[in-house]
Amino acid sequence: MPTRCRWIGASAHLTLALLGMVIFASCGGSDGPRQPPNVIFISIDSLRPDHLGCYGYGRDTSPFIDSLAEGGVRFENAVSTTSWTLPSHAAMFTGLLGPTHGLIDNGKSLSDDHVTLAELLSDAGYHTAGFFGGPYLHPTFGLGQGFDVYESCMTTTPDAAGDDEVRSSAGTPDGPSHHDITGPRTREKVSSWAAGREAAAEPYFLFLHLWDVHYDFTPPAEYAQLFVDSNYAGPADGRLMSNPEIRPGMKPADLAHVLGLYDAEIRFTDDIIRDIFDDLDQRGMMENTLVILTSDHGEEFFEHGFKGHNKTLFDEVLRVPLIVSWQGEIDDRQVVGDQVQITDIMPTIIGFTGGPSSLVTQGHDLAPLLAGREMAPRDALSGLFIDGGDQRALRSNERKVFRFNELSPTVYFDLQSNPREDPAEVISPLTEHSQDRRERGELDLNSAIRRAYDLKSTLKLRPPNSIELTDDMRSALTDLGYLGTEDEDDG
Ligand SMILES: [Zn+2]
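Residues numbered from 1 in each chain as written. Predicted model: local features only at pLDDT ≥ 70, side-chain atom pairs only at ≥ 80, totals over all residues.

1. Some points on unusual backbone geometry
Of the consecutive residues Tyr-215 and Asp-216, the connecting peptide bond is found in the cis state with omega at 0°. Within the element layout of this structure, Asp-216 appears in the loop between strand 6 (204-210) and helix 9 (221-224). Even without a glycine there, the phi angle at Asp-387 is positive, about 55°. Relative to the elements of secondary structure, Asp-387 occurs in the loop between strand 12 (380-384) and strand 13 (391-395). Although it is not a glycine, Lys-460 adopts a positive phi angle of roughly 55°. Along the polypeptide, Lys-460 turns up in the loop between helix 14 (432-459) and strand 16 (465-466). (Helix = DSSP H or I, 4+ residues; strand = E, 2+ residues; numbered from the N terminus.)

2. Here's the deal with the sheet that holds strand 5 (residues 149-152)
The strands that make up a sheet pair up through hydrogen bonds in the backbone, lying either parallel or antiparallel. Pairing within the open sheet is mixed, and its eight strands lie in the order 5-4-6-1-7-10-2-11. Of all the strands in the sheet, the pair left with one neighbour each is strand 5 and strand 11 (334-341). Going from strand to strand, the sheet's axes swing by 15° on average, the running direction of each strand aside. In the sheet, strand 4 (residues 127-132) pairs with strand 5 via four bridges, with the strands oriented parallel. Paired with Ala-129 across the two strands is Val-149, which belongs to strand 5. Where helix 12 (residues 345-352) meets the sheet, its contacts fall on strand 1 (38-44) and strand 7 (289-294), and the angle it forms with strand 7 comes to roughly 175°. (Pairing = 2+ DSSP bridges. Axes fitted to C-alpha atoms, helices over the stretch in contact; angles between N-to-C directions. Contact = placed C-beta atoms within 7 Å.)

3. Details of helix 2 (residues 63-70)
Inspection of helix 2 places Phe-64, Ile-65, Leu-68 and Ala-69 among the buried residues, and these make up the whole buried set. Burial along helix 2 is one-sided: seen end-on, the buried residues are contained in an arc of 145°. Residues of helix 2 that are buried sit in contact with strand 2 (73-79), helix 10 (252-282), strand 7 and strand 10 (319-325). (Buried ≥ 20, exposed ≤ 12 C-beta atoms within 10 Å, placed from the backbone. Arc of directions from axis to C-beta.)

4. Comments concerning the nonpolar core
Ile-42, Ile-65, Phe-205, Ile-292 and Ile-349 are the most contacted members of the largest nonpolar core, which totals 108 residues. In terms of residue count, the dominant contributor to this core is helix 10 (11 residues). In contact with Ile-42, not counting residues within four places along its chain, are Leu-208, Leu-210, Ile-273 and Leu-293. (Core = buried A, V, L, I, M, F, W, Y, C linked by C-beta atoms within 7 Å.)

5. Some remarks on the sheet that holds strand 13
The antiparallel open sheet is built from four strands, whose spatial order is 12-13-14-15. If you trace the sheet from one side to the other, it starts and ends with strand 12 and strand 15 (411-414), each paired once. Going from strand to strand, the sheet's axes swing by 15° on average, the running direction of each strand aside. Pairing of strand 13 with strand 14 (residues 399-403), which is carried by four bridges, proceeds in the antiparallel orientation. Its bridge partner lying in strand 14, Arg-392 is registered against Arg-403.

6. Concerning the packing of helix 2 against helix 10
The contact between helix 2 and helix 10 brings their axes to 7 Å, and the two run at 60°. Between helix 2 and helix 10, the crossing angle belongs to the class labelled oblique. Residue-level contacts link Pro-63, Phe-64 and Ile-65 of helix 2 to Asp-270, Ile-273 and Arg-274 of helix 10. Of the residues contributing to the contact of helix 2 with helix 10, the split by class is four nonpolar, no polar and two charged. (Parallel < 35°, antiparallel > 145°, perpendicular 65-115°, else oblique. Nonpolar A, V, L, I, M, F, W, Y, C, P; charged D, E, K, R; others polar.)

7. Describing the environment of Pro-235
Its place among the elements puts Pro-235 in the loop between helix 9 and helix 10. Look past the residues within four positions of Pro-235 in its chain and what remains in contact with it is Glu-245 and Asp-254.

Take a look at the structure:
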């Protein structure tokens, strides 16, 4: 098998050319060149870490994911850059924050002068394959850049669907994608792909976007009863956004039913991932394989009065699971408490696959933490700009500063006081001491925002391509709450 540690062809990408980046890197130590690993990168849409066994949840929702965590490193404090699918995946694929990559609202697609994770790995000689289950991952939104194979696993949208059709289905509450069960088709498609890769010489990069945990919560029949009261006869069901009975103040038994269906989707997805890994293992494709599992954002169940996601930047949507394993290379049973962000995923993968050390991202290679060493603590900047909004948050493990829009005051949450003042991000009366911390936090927030825009100017990346919204699409997105304010009464 040829060594694939050289980075070739990267000069084709504008960013690298602009920055004069190093395009060759050695992957070998004193023991000689090491074969670059296969990489499996899994994004489970809308998955809250606190609903996984390995993060302390009481239900058996995630036995396979738990085993991945036991075999590697679990990050206790991983956060997203936003609270919805499109800009979050753009951040994972570019290593850039929303204000910098610019794909922060509907009607946009990522410009092709971005350097994406799949492009870098493809340039390095990897075979790159992506399988996605939700509409925002469709190539029309620009996230398919760099993939040799990039397939939809949506069962309700034809593979040959035109761009308008896919865009119109993105985010429709009663539209087909939200009732879709995509896991089995993902499993089948990955298996077919793997059957053609068993004898391949080059390493592979496999990206899986698993959609079923995203609302609606409509698990297959054999999972639907796992975590709900079988005698439940109330008005709640898995239609989180479109059922008006799922609202603030609903009865605890009704909310418990919704959560039970959400948990069933997690278990269903966990079993799908197990099947995929078993299949790859039987084909001899799990040797020397780096695995990264995360989510694009969490989900709100009225902790602050809202449901779903893309409404706020509270921790219930901002925190995500992050698990990294690589048998024989990363020690097992590690738990890292340092705060990390999804922008770290790209530079971490690039670091392990011998990529350019001078790659410019807003993330950091987490190799030191994965090796049990220390890294300097870092703030995580997040933003939510959908439909012209401008929410901002800056978070550390100790505090969070947050503002709903440009004109609203900055709010300060103490996340780690003793006794904890705001473990659930409840605003407490400002004391003189906390007023001082709030003001310092606001300065930190503003300077972090400024740095993000400065980097955007430095990189000279073209803004996202505009997609013209049809009336039908605008109506569909408004129904979901992606546009307009109809759903604000829900929160
Ligand atoms: Zn999502």
